[in-house]
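Structural overview for review
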Amino acid sequence: MLTKTQTEIMKIFVSKIGKKFSINEISRDLKKPYALIHRSMQELIKNKFISIDERKLLSLNYKDNISELSHIESLRIKEAVKKDKSISLFIKDCINGIKEDYFTLLIFGSFIDKKKFNDIDLILILDNSDNLETAEKTIKNTASNFSLKIDLHVINKESAYEMFSKREQINILNESLNKHLIVFGAENYYRILSNARR
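Residues numbered from 1 in each chain as written. Predicted model: local features only at pLDDT ≥ 70, side-chain atom pairs only at ≥ 80, totals over all residues. Heavy atoms only, no water.

1. Focus: the nonpolar core
We count it as follows: Put simply, buried Ala, Val, Leu, Ile, Met, Phe, Trp, Tyr and Cys residues joined by side-chain atoms within 4.5 Å make one nonpolar core. The buried label applies to any residue whose accessible area, calculated with a 1.4 Å probe on protein chains only, is under 20% of its type's maximum; exposed applies above 50%, and partly exposed to all values in between. A run of DSSP states H or I qualifies as a helix once it reaches four residues; a run of E qualifies as a strand once it reaches two. Both are numbered from the N-terminal end. Whether two residues are in contact is decided by their heavy atoms, any of which lying within 4.5 Å being enough.
Membership of the largest hydrophobic core comes to 40 residues, with the highest contact counts inside it found for F13, I26, M41, L60, L173, Y189 and Y190. Examining the composition of this core, we find that six residues originate from one element, helix α9 (residues 186–196), more than from any other. Ignoring any residue separated from it by four or fewer positions in sequence, one finds L173 in contact with I123, I125, I155, A160, M163, F164 and Y189. Formed by 26 residues, the second largest nonpolar core is a distinct cluster that contains I77, L105, F111 and L181.

Here you go:
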C-alpha cells in the first residue's frame, strides 16, 4: 500500500511516462522536503515502481505493478474531471456507449495542463478492427450531445503496438506518454506499452 506522499510521487511519474526526474525535481514539484521524498522514493525503487539509472535519474517502471499504475491513473482522471462536470458526464456516456469488451480510452493534449481548452483530443484503442467505425460514430454522437469539439483517433491494438515500438517516431501514442489521462483501460494501455517495448 502506497503512502500519501508515494501516491503523489507516482502521479508525477505516470503523468510523464517517458521523462526522467531527479529527487530534487520531485521535491520541488510537490513542494515537500527533500528528505521525505528521498525516503519515499527508496521504497518505490525497492518495490520496482521506479527505476534508477547510473546517473541517479528516476523513471517510471511501467512493466511491473500494472494494477497499481492503473489505480494511480484512476485517481488522476477523477481529479482532472472535477474541474468540468460536462467532461465528467461526457466520459461516462462514452464508456457506457462503447460496446466492446476490450478498449482503452485516453485524453491527451491541451486538456491535460490548461484550464481553458479549445477541444478534447481522444485516442480510442480497440481490439477488433471491424468495430472502429461504429465506436468512432458513438463517441462523435456523444460529443455532439455535449457541444464538445473533439479530435478523435481510433486505432486497433496492432497499430498501438507498432506506434509504441517505434520510440523515436513522432506519433499520437508516443506524444501521449508525457501528456495524457487514461479514462478507461489503463491496464490495457500499460500492457501494450510494456509488450511493445521489450
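Okay, back to it.
2. A look at the layout of surface pockets
Which entries qualify depends on this criterion: A pocket, in this scheme, is an open set of points on a 1 Å grid over the protein atoms alone with protein on both sides within 12 Å along at least 5 of 7 lines, while a cavity is a set where a 1.4 Å probe fits but cannot get out; residues line either one if an atom lies within 4 Å of a point. Grid points are joined across faces, edges and corners, and a volume is the space filled by probe spheres set on the points.
Estimated volume of the largest pocket: approximately 370 Å³. What lines the largest pocket is a set of 15 residues, and nearest its centre among them are K11, S15, R76, I112 and L181. Going through the elements one at a time, α1 (4–15) and α4 (66–81) are the ones with two or more residues in the lining of the largest pocket. The dominant element in the lining of the largest pocket, judged by the number of residues it contributes, is α1, at four residues. Roughly 200 Å³ of internal volume is contained in the second largest pocket.

3. Some thoughts on the packing of α4 against α9
Going by this rule: Comment: axis = line fitted to C-alpha atoms, over the contacting stretch for helices; angle = value between 0 and 180 degrees taken between N-to-C directions. Any angle that falls under 35 degrees is termed roughly parallel, while one over 145 is termed roughly antiparallel, one within 65 to 115 roughly perpendicular, and all others oblique. The crossing is said to be left-handed when, going from far helix to near helix, the turn is anticlockwise and less than a right angle, and right-handed when the turn is clockwise. Note that Gly is not counted as nonpolar here; it falls among the polar residues with everything else outside the nonpolar set of Ala, Val, Leu, Ile, Met, Phe, Trp, Tyr, Cys and Pro and the charged set of Asp, Glu, Lys and Arg.
Their axes nearest at 8 Å, the elements α4 and α9 cross at an angle of 130 degrees. In terms of axis orientation, α4 runs oblique to α9. Considering the relative orientation of α4 and α9, their crossing is right-handed. Within the contact between the two elements, α4 uses I66, S67, L69, S70 and E73 and α9 uses A186, E187, Y190, R191 and S194. Across the contact of α4 with α9, the residue classes break down as four nonpolar, three polar and three charged.

4. Quick notes on the side chain of E100
How we decide: His is not counted, nor are the chain ends; Lys and Arg add positive charge and Asp and Glu add negative charge. A pairing counts as a salt bridge when a side-chain nitrogen of Lys or Arg comes within 4 Å of a carboxyl oxygen of Asp or Glu.
Positionally, E100 belongs in the loop between α5 (85–97) and β3 (103–108). Buried and unpaired, E100 has no salt bridge, with K157 as the nearest side chain of opposite charge at 11 Å. Leaving out residues up to four positions away in the same chain, E100 has contacts with L126, N128 and N131.

5. A few points about the pattern of salt bridges
Tallied over the entire structure, the rule returns eight salt bridges. Close ionic contact of K157 with D127 constitutes a salt bridge, the shortest N to O distance being 3.1 Å. Here K157 is found in helix α7 (residues 157–165), whereas its partner D127 is found in the loop between β4 (120–126) and α6 (132–145), with 30 residues between them in sequence. According to the relative accessible area criterion, D127 is partly exposed, its value standing at 36%. With a shortest N-O distance of 3.2 Å, E162 and K166 are connected by a salt bridge. Relative accessible area serves as the criterion here: at 47%, E162 is assigned to the partly exposed category.

6. Focus on α1
Residues spaced three or four apart along an α-helix point in a common direction, a consequence of the helix completing one turn every 3.6 residues. How we decide: A helix's residues, less one, multiplied by 1.5 Å, set its expected span.
Between its first and last C-alpha atoms α1 spans 17 Å; for twelve residues at 1.5 Å apiece the expected length is 16 Å, and the two agree. The buried count for α1 comes to ten of twelve residues, which makes it a mostly enclosed element. Those residues of α1 not exposed but buried are T5, Q6, T7, I9, M10, K11, I12, F13, V14 and S15.

7. Considering α6
With 14 residues, α6 should reach 20 Å at 1.5 Å per residue; the first-to-last C-alpha distance of 20 Å fits that figure. Buried residues along α6 sit in contact with α5, β3, β4 and β5 (150–156). Looking one or two residues beyond α6, the residue adopting positive phi is S147, at roughly 55 degrees.

8. Some remarks on the environment of K56
Residue position: K56 is located in the loop between β1 (50–52) and β2 (58–60). According to the relative accessible area criterion, K56 is exposed, its value standing at 60%. Sequence-wise, K56 and K11 are 45 residues apart; in three dimensions their C-alpha atoms are separated by 20 Å.

9. Some words on the sheet that holds β3
Condition: DSSP-based pairing: two strands are paired if at least 2 bridges between them are found.
What the four strands build is an open sheet, ordered β5-β4-β3-β6; its pairing is mixed. Looking at strand neighbours, the two that pair on one side only are β5 and β6 (180–184), the edges of this open sheet. Direction aside, the axes of adjacent strands within the sheet are offset by 20 degrees on average. By the bridge criterion, seven bridges tie β4 to β5 in an arrangement that is parallel. The residue bridging I125 from the neighbouring strand is I155, located in β5. Across the sheet, α7 lies against β4 and β5, angled at about 100 degrees from β5, the strand it touches most.

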